[in-house]
Each structure stands twice: as C-alpha cells, then as structure tokens.
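Below, each chain spelled out in residue letters.
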Amino acid sequence: MANDAPRVLVVDDPDVALLVRTILERRAGCTVDVASDGLRAVEQAAAARPDVVITDIEMPGLNGLELLAELRRSIPGVPVIVMTAHVSVEYAVSALRAQADEFLTKPLDNAALVETVRRLAAEGRARGTERPVETVLAIGAHPDDVEIGAGGILAAHAEAGDRITILTLSRGARGGDADSRQHESLAAAELLGARLFLQDLVDTEIPSSGPTVRLIEEVVREVRPTVVYTHSGHDRHQDHRAVSEATIAATRRVPTVACYQSPSATIDYRPTRFVRIERFLDRKLELLRCFDSQTASRDYLSPEFVTATARYWTRFGGGTAVEPLEVVRESSELARTAEHLRLES
C-alpha cells in the first residue's frame with residue numbers, strides 16, 4: 001500500500017464499518033480504522049490523525065453530529081463525511097449546519113464513496129499546509145489590561161484572520177468612570193474586530209474562585225478558544241493575581257494558555273516566549289489611545305513607556321519591539337502558528 005494512501009476513520013456499527021472498510025481498501029488503497037461509537041472515535045482520531053472521517057448519525061455515546069462538533073474543536077481541519085439511512089432534508093440540513101464536508105445516504109454508492117474520500121483527502125492535505133485559524137480569548141481584570149499586556153499580539157492575530165474575544169471581568173470603576181471605560185473598551189475591541197464580554201465584578205475585589213471561575217467557564221464554553229492570554233500570578237495587583245488563578249482553573253482543557261505582562265508585574269514574572277510585534281506596535285498604541293480617560297493619570301499608557309517596554313524585551317526576542325509571555329501550557333499548534341506568522345525571532 002502506498003505511503004501516501006489516505007487514512008480514513010469509519011465510525012458506524014461493525015457490519016457497516018467492515019463493508020466501508022473493504023470498499024475503501026480495495027478500490028482506493030486507503031488505510032482504514034474503525035470505531036463503533038463516537039467516544040472511541042474521538043480517541044482514535046486524536047491518536048491516528050486521519051485524512052478523512054466517515055460517521056453515521058445515530059450511534060451510542062456521542063451521535064454523529066456531536067462527534068462532528070467535537071472533531072471541529074479538536075482537529076478543525078479534518079474532512080468529515082456524515083452518512084445515514086434516513087433520506088431526509090432535516091438530516092442533511094443538520095449535518096451541513098454542523099459543518100460536515102459531505103452528506104451521503106445509505107445504501108452507499110460505492111463509486112461516489114471512493115471519489116468523495118479521495119477528493120476530501122486531497123483537499124484536507126492541501127489545507128494542512130496552511131496555517132489553521134486560531135480562536136483567541138484574551139482575559140483581563142479591568143478595561144485596557146489585555147491591550148497593555150498583549151495588544152501587539154492581538155493585532156497580529158487580527159491580521160492573520162484569527163477569531164478574537166476579549167473578556168474583561170470588571171468595569172474598572174475604582175480607576176475611573178465605569179461608563180467611559182465601557183465605551184473605551186468597545187472602541188478598542190472594534191479596532192481589533194474582536195468580540196467583547198464586559199462583566200460586573202467589583203474592581204479591587206475580584207475573587208480568585210467561585211463567580212470568577214464560573215464567568216470564565218461560561219465564555220470558554222461559548223467561544224471554545226484554542227489560545228488564551230491572561231494575567232500572570234506574579235503581579236502586585238490583587239485583581240490580576242485573582243484573574244490569573246481563576247483563568248488557569250477555568251481553561252484547563254484549552255490547548256494553549258499564556259500570561260502577559262502588566263505594569264504591576266513583579267520581578268518574579270519570568271517569560272519564556274518573546275513575540276516580536278514591530279509590525280504591530282503602531283496598532284497597539286492606537287488601541288491604547290482608545291482609553292483616553294486613563295492616559296492623563298497612567299504613565300504606563302504613554303507611547304514612550306509602551307515603546308520602551310517593548311524595546312527592553314528585544315534583548316531576549318530580537319527585532320525592535322517584543323511582548324513577553326509566561327507559558328502555562330502550550331500546544332504544538334501555537335508554535336507552528338507563531339512560525340508561520342513570523343512573529344518570533
């Protein structure tokens with residue numbers, strides 16, 4: 001069998017799976033794995049990384065559409081064929097809305113099955129050479145926190161077409177007028193093309209567990225991020241430490257979590273990743289200008305301070321402007337993303 005033969009995972013009851021396996025092995029030279037239910041399929045897909053997944057809709061454990069949703073989260077680029085014996089518009093619409101690549105009805109047309117698998121395998125491999133779209137969640141205790149700590153990184157994600165969400169856990173009433181800071185946060189999110197969640201925890205009294213964890217978990221469930229940026233625990237501000245602790249607990253299933261530097265970070269802040277942002281420094285400064293209610297009283301928002309901080313970290317990251325990150329957990333996907341974007345030295 002050729003080394004470049006498509007690898008296919010078939011998820012169905014054993015008799016049907018054996019039939020599909022025989023067809024694909026004999027007519028298309030595929031390497032075929034089988035799973036009898038959706039839960040086993042998730043494990044096998046993660047281990048084998050198939051070129052194509054073929055699944056029935058009605059199965060024990062996870063049904064086919066639930067399996068499809070899980071695959072879209074864990075292996076976003078894998079092509080998926082949904083098949084069913086029920087010829088119905090509702091099934092087809094459900095499958096397509098769940099982002100299936102193809103919908104086939106039983107009894108299967110053998111020639112159509114082979115052609116579809118070959119085509120989707122080729123398309124999937126072509127997409128595999130491209131950078132995947134990331135879903136980014138940036139979490140801060142107060143308005144302007146994420147823009148100060150990771151504004152350049154977020155601007156790079158925006159240029160790359162990644163999906164960005166900002167979660168701010170308080171309206172910053174102790175540091176200024178809450179309504180003004182809300183409008184400033186919205187303006188900055190609009191510049192990034194980001195979605196904004198602005199919560200109402202009490203400024204300077206944000207807890208590290210309980211409601212904070214639940215609020216973050218709710219957004220994580222809705223957004224399904226692949227990358228999370230948040231505060232470091234090495235910080236003098238109690239809200240920053242609390243948000244860092246709560247985020248790490250609430251994002252335990254997110255592949256990549258990293259902590260940005262705040263102006264109140266302590267000398268124990270120890271970054272291990274240095275992201276070059278020279279192409280995005282001007283956009284970061286533009287984001288920070290959105291928070292004009294703070295600029296008069298916060299020296300760390302001045303362009304000179306921001307630029308000097310970015311210049312300092314170039315001693316580790318190279319280039320002319322860098323944002324540092326403490327990596328809590330990192331997937332190989334993020335490393336490939338950074339390499340593709342040429343964000344790092």
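Residues numbered from 1 in each chain as written. Predicted model: local features only at pLDDT ≥ 70, side-chain atom pairs only at ≥ 80, totals over all residues. Heavy atoms only, no water.

Draft legend 1. Spatial organisation of the pairing of strand β1 (residues 7-11). Of all five residues making up β1, four are buried, and the element is well covered by its neighbours. As defined by bridge partners, β1 adjoins strand β2 (residues 31-35) across five bridges and the pair is classed as parallel. Within β2, the residue paired with Leu 9 across the bridge is Asp 33. Taking the sense of rotation as the criterion, the β-α-β connection linking β1, helix α1 (residues 14-28) and β2 turns out right-handed. (Buried < 20%, exposed > 50% of the residue type's maximum accessible area, 1.4 Å probe, protein only. Helix = DSSP H or I, 4+ residues; strand = E, 2+ residues; numbered from the N terminus. Pairing = 2+ DSSP bridges. Right-handed = clockwise from strand over helix to strand, strands pointing away.)

Draft legend 2. Representation of the confidence of the model for the protein chain in the model. Summary statistics for the protein chain give a mean pLDDT of 88 and a share of 90% for residues scoring 70 or more. Within the protein chain, the lowest mean pLDDT, 50, falls on helix α14 (residues 332-341), and the highest, 98, falls on helix α9 (residues 238-250). (pLDDT = per-residue confidence, 0-100.)

Draft legend 3. Broad picture of the pairing of strand β8 (residues 195-201). Looking at chain direction, strand β7 (residues 163-170) and β8 are connected through five bridges and run parallel. What sits directly across from Ser 170, in β8, is Leu 201. Taking the sense of rotation as the criterion, the β-α-β connection linking β7, helix α7 (residues 178-192) and β8 turns out right-handed.

Draft legend 4. Quick look at helix α6 (residues 145-159). Compared with an ideal rise of 1.5 Å per residue, which puts 15 residues at 21 Å, α6 spans 21 Å between its outermost C-alpha atoms and is within 8% of the ideal. Helix geometry: α6 is bent most strongly at Gly 151, by close to 80 degrees. Taken across its 15 residues, α6 has 13 buried, putting it largely inside the fold. Downstream of α6 by a residue or two, Gly 161 has a phi angle that is positive, lying close to 85 degrees. (Expected span 1.5 Å × (residues − 1). Bend = angle between axes of the 7 residues up to and from the residue.)

Draft legend 5. Quick peek at unusual backbone geometry. Across the junction of Lys 106 and Pro 107, the peptide omega takes the value 0 degrees, indicating a cis bond. Relative to the helices and strands, Pro 107 is located in the loop between β5 (102-105) and α5 (110-128). Phi is positive for Arg 49, close to 50 degrees, though the residue is something other than glycine. Within the element layout of this structure, Arg 49 appears in the loop between α2 (38-48) and β3 (52-56). Despite not being glycine, Arg 224 has its phi angle at roughly 55 degrees, a positive value. Here Arg 224 shows up in the loop between α8 (211-223) and β9 (227-230). What makes Arg 224 partly exposed here is its relative accessible area of 45%.

Draft legend 6. Structural view of the packing of aromatic side chains. Using the criterion set out here, one finds five aromatic pairs in the structure. A ring pair is formed by Phe 274 and Phe 316, whose centres lie 5.3 Å apart and whose planes are at 20 degrees; its orientation type is stacked. Residue Phe 274 is located in strand β11 (residues 273-276), and its partner Phe 316 is located in helix α13 (residues 314-317); the two are separated by 42 residues in the primary sequence. The class for Phe 316 is partly exposed, based on a relative accessible area of 45%. Ring centres of Tyr 312 and Trp 313 lie 4.9 Å apart, and the angle between their planes is 80 degrees; on these two criteria the pair is classed as edge-to-face. According to the relative accessible area criterion, Tyr 312 is partly exposed, its value standing at 43%. Ring-pair connections join several aromatic residues into one group, and the members of that group are Phe 274, Tyr 312, Trp 313 and Phe 316. (Phe/Tyr/Trp six-rings, centres within 6.5 Å; stacked < 30°, edge-to-face > 60°.)

Draft legend 7. Representation of the environment of Leu 9 within the structure. For Leu 9, the location among the structural elements is in strand β1. For the pair formed by Leu 9 and Arg 49, sequence separation is 40 residues and the distance between their alpha carbons is 8.9 Å. If we skip the residues at most four places from it in the chain, Leu 9 touches Asp 33, Val 34, Ala 35, Ala 41, Gln 44, Ala 45, Pro 50, Val 52, Val 53 and Ile 54. (Contact = heavy atoms within 4.5 Å.)

Draft legend 8. Structural context of the packing of α7 against helix α10 (residues 281-289). For the pair α7 and α10, interaxial distance at closest approach is 8 Å and the crossing angle is 155 degrees. Taken together, the axis directions place α7 and α10 in an arrangement best described as roughly antiparallel. Between α7 and α10, the contacting residues are Ala 188, Leu 191 and Leu 192 on the first element and Arg 283, Glu 286 and Leu 287 on the second. Its residues placed into classes, the contact of α7 with α10 shows four nonpolar, no polar and two charged. (Axes fitted to C-alpha atoms, helices over the stretch in contact; angles between N-to-C directions. Parallel < 35°, antiparallel > 145°, perpendicular 65-115°, else oblique. Nonpolar A, V, L, I, M, F, W, Y, C, P; charged D, E, K, R; others polar.)

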